[in-house]
Amino acid sequence: MEKIASFTINHNTLMPGVYVSRIDGDITTYDMRFVKPNTPPFLPNPVMHTIEHLFATYARNSEYADNVIYFGPMGCRTGFYFLVRNLDEQTSLNLIRETIKKCAEHNGEIPGTTAIECGNYKEHNFEGAISALKEYYNVLNNYTVDNLKYN
């Protein structure tokens, strides 16, 4: 079988940040890397779950809601994939940065955390998520589209 594109990236040199993972027609997949791969500690599942609920909610309530395709965790627990349609890199980067900021500043209930709304509604860690989001926002603070390429 052919090796998929994401397995061709040297994970030993990949740093936290956001990268264009692939472009498929009008859909761009962003690799939102919160943690340096192969360097514990990794994001705990409850933290990732909370970030997923927050980011997906804010992104899908942004002015670009119709362009958001998917936001979800990486199995390696180092970050997330974010898929958008028909957005240029600068707009996507701005959306990611603004959404991370809103998530990091969120107070109140985590969206979608009842048994009716979520298949694992009890596994969340709000404080851990806020901490990880703040750290990640600091990484993205001075990011430009030139940083979106894998090194």
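Here's what I pulled together on the structure shown here.

What counts as what
Residues numbered from 1 in each chain as written. Predicted model: local features only at pLDDT ≥ 70, side-chain atom pairs only at ≥ 80, totals over all residues. Heavy atoms only, no water. Phe/Tyr/Trp six-rings, centres within 6.5 Å; stacked < 30°, edge-to-face > 60°. Helix = DSSP H or I, 4+ residues; strand = E, 2+ residues; numbered from the N terminus. Salt bridge = Lys/Arg side-chain N within 4 Å of Asp/Glu carboxyl O. Pairing = 2+ DSSP bridges. Axes fitted to C-alpha atoms, helices over the stretch in contact; angles between N-to-C directions. Contact = heavy atoms within 4.5 Å. Polar contact = N/O pair within 3.5 Å; in protein donor to acceptor, adjacent residues only side chain to side chain. Expected span 1.5 Å × (residues − 1). Buried < 20%, exposed > 50% of the residue type's maximum accessible area, 1.4 Å probe, protein only. Arc of directions from axis to C-beta. Left-handed = near helix turned anticlockwise from the far one by under 90°. Nonpolar A, V, L, I, M, F, W, Y, C, P; charged D, E, K, R; others polar. Disulfide = S-S within 2.5 Å.

Moving on to the packing of aromatic side chains. Tallied over the entire structure, the rule returns 7 aromatic pairs. Their ring planes at 85° and their centres at 5.1 Å tell us that F55 and F82 sit as a pair that is edge-to-face. On the criterion of sequence distance, the pair formed by F55 in helix α1 (residues 45–59) and F82 in strand β4 (residues 79–85) is long-range, its members being 27 residues apart.

What follows deals with the pattern of salt bridges. Tallied over the full model, the rule gives 4 salt bridges. The partner of D24 in a salt bridge is R22, with the nearest N and O atoms 2.7 Å apart. Between E105 and K101 there is a salt bridge whose closest N-O contact spans 2.7 Å.

On the basis of which strands lie adjacent, the open sheet formed by 4 strands has the order β1-β2-β4-β3 and antiparallel pairing. Two strands close off the open sheet at either side, each with one partner strand: β1 (17–24) and β3 (68–73). The mean inter-strand angle of the sheet, taken between neighbouring strand axes irrespective of direction, is 20°. Relative to β4, strand β2 (residues 27–33) runs antiparallel, the two sharing 7 bridges. Its bridge partner being in β4, T28 is matched across the sheet by V84. In the packing of helix α3 (residues 126–140) onto the sheet, the strands contacted are β1 and β2, and the crossing angle to β1 comes to about 80°.

This next bit is on the environment of Y19. Summarising the element assignment, Y19 is placed in strand β1. For Y19, the side chain forms a polar contact with the main-chain oxygen of M15, separated by 2.7 Å.

If you check α3, its first and last C-alpha atoms are 21 Å apart, about what 15 residues at 1.5 Å a residue would give, namely 21 Å. For α3, the set of buried residues is A129, I130, A132, L133, Y136, Y137 and L140. Relative to the axis of α3, the buried residues are bounded by an arc of 165° and lie together on one face. In α3, those exposed residues whose orientation departs by more than 90 degrees from the buried face are E127, E135 and N138. Measuring from the backbone nitrogen of E127 back to the side-chain oxygen at the start of α3 gives 3.4 Å, which picks out N125 as the cap.

With that out of the way, let us pick up the packing of helix α2 (residues 89–104) against α3. Helix packing geometry: the angle between the two helix axes and the distance between the axes. As a packed pair, α2 and α3 sit with axes 9 Å apart at the nearest point and diverge in direction by 145°. Between α2 and α3 the crossing geometry is left-handed. Facing I96, R97, I100, K101, C103 and A104 of α2, the residues of α3 in contact are I130, L133, K134, Y136, Y137 and L140. Split by residue class, the contact of α2 with α3 holds 9 nonpolar, no polar and 3 charged.

The side chains of a regular strand alternate, residue by residue, between the two faces of the sheet. Relative to β4, β3 runs antiparallel, the two being bridged by 5 bridges. Note on β4: the bridge partner recorded for G72 is Y81. In textbook terms, the turn of a hairpin is the stretch between consecutive antiparallel strands, and for β3 and β4 this stretch comprises 5 residues, one of which, R77, has a positive phi near 65°.

As used in these notes, a disulfide is a covalent bond between sulfur atoms, one from each of two cysteines. Within the structure shown, the criterion is met by 0 disulfides. Summary of cysteine pairing: C76 is not part of a disulfide, and the nearest cysteine sulfur, belonging to C103, is at 19 Å. For the unlinked cysteine C118, the closest cysteine sulfur is that of C103, found at 16 Å.

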